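Survey of secondary and tertiary structure
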Amino acid sequence: RSLEGDEKSIPWGDPTAQPVEVPNYWRYHRPASAIELPPKKEADECFEAFFHHVHPNFILFHRSTFQRAYDTLWRSWEAARRGVPDDEVKEVTVTTGWLVSLYMIFVFGSRSMPQTPGSLEFQRKWHAEAERLPPHLYSASLPNVCGHS
């Protein structure tokens, strides 16, 4: 299943569909189990801070759509970490564009909160994670630009 996609995505209704017929699928997508995320509490605080403090001035995403994808990613990611069988919680994929957007939400959300001694290190880490992905973003798509499908 795909949260959104650059090319033809796997439909939500068919969790058994495989992306093998889509050229370069894995170049532009990451399975939830292969994604690095900060601790959930920190991620949620930054996510909320971004949408509360930054997003109203720079509307980049459809909040409810991005929130739904974010929540789905966390369920899949946490299930993969706990070793939950795939028939109970299907692993999802995200586009690299969506993932860069999420990492920058962590950065800008963190910047909008009161700064602590660890804030700058957190921001640098997630900015560096975002910088690792741009070579895959040279083919812009509406989901990458809007952050939703």
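In case you missed it, the structure is sitting above this.
A brief structural summary. Computed from a predicted model, the values in this text were never measured in an experiment.

Notes on the pattern of salt bridges
What the rule picks out here adds up to 6 salt bridges. The salt bridge involving Glu-129 is made with Arg-132; its shortest N-O contact spans 2.5 Å. Given the relative accessible area of 10%, Glu-129 is considered buried.

Some points on the layout of surface pockets
What the second largest pocket holds in volume is close to 150 Å³. Taken together, Glu-42, Glu-45, Cys-46, Ser-110, Met-113, Pro-114, Thr-116, Gly-118, Ser-119 and Phe-122 form the lining of the second largest pocket. Considering every element that reaches the lining of the second largest pocket, the biggest residue donor is helix α2 (residues 40–54), with 3 residues. A per-class count over the lining of the second largest pocket returns 4 nonpolar, 4 polar and 2 charged.

Examining the nonpolar core
Ile-35, Leu-37, Phe-66, Leu-73, Leu-102, Tyr-103 and Phe-106 are the most contacted members of the largest nonpolar core, which totals 31 residues. When contributions to this core are tallied by element, the ones reaching two or more residues are α2, α3 (63–82), α4 (96–111) and α5 (119–131). The dominant element in this core, judged by the number of residues it contributes, is α4, at 9 residues.

Structural notes on the packing of aromatic side chains
Scanning the entire structure with this criterion turns up 15 aromatic pairs. Judged by centre distance (4.0 Å) and plane angle (10 degrees), the ring pair of Phe-47 and Tyr-70 falls under stacked. On the criterion of sequence distance, the pair formed by Phe-47 in helix α2 and Tyr-70 in helix α3 is long-range, its members being 23 residues apart. Like Tyr-70, Phe-47 is buried. An angle of 20 degrees between the planes, with centres 4.8 Å apart, marks the rings of Phe-66 and Trp-98 as stacked. Remark: Trp-98 occurs in helix α4 and Phe-66 occurs in helix α3; sequence separation between them is 32 residues. Ring pairs connect the aromatic residues Phe-47, Phe-50, Phe-51, Phe-61, Phe-66, Tyr-70, Trp-74, Trp-77 and Trp-98, which therefore count as one cluster.

Here is what the cut-offs are and how they apply
Residues numbered from 1 in each chain as written. Predicted model: local features only at pLDDT ≥ 70, side-chain atom pairs only at ≥ 80, totals over all residues. Heavy atoms only, no water. Salt bridge = Lys/Arg side-chain N within 4 Å of Asp/Glu carboxyl O. Buried < 20%, exposed > 50% of the residue type's maximum accessible area, 1.4 Å probe, protein only. 1 Å grid on protein atoms, 1.4 Å probe; cavity = no way out; pocket = protein on both sides within 12 Å on 5 of 7 lines; lining within 4 Å. Points joined across faces, edges and corners; volume = space filled by probe spheres on them. Helix = DSSP H or I, 4+ residues; strand = E, 2+ residues; numbered from the N terminus. Nonpolar A, V, L, I, M, F, W, Y, C, P; charged D, E, K, R; others polar. Core = buried A, V, L, I, M, F, W, Y, C linked by side-chain atoms within 4.5 Å. Phe/Tyr/Trp six-rings, centres within 6.5 Å; stacked < 30°, edge-to-face > 60°.

None of this, on its own, says anything about what the molecule does.
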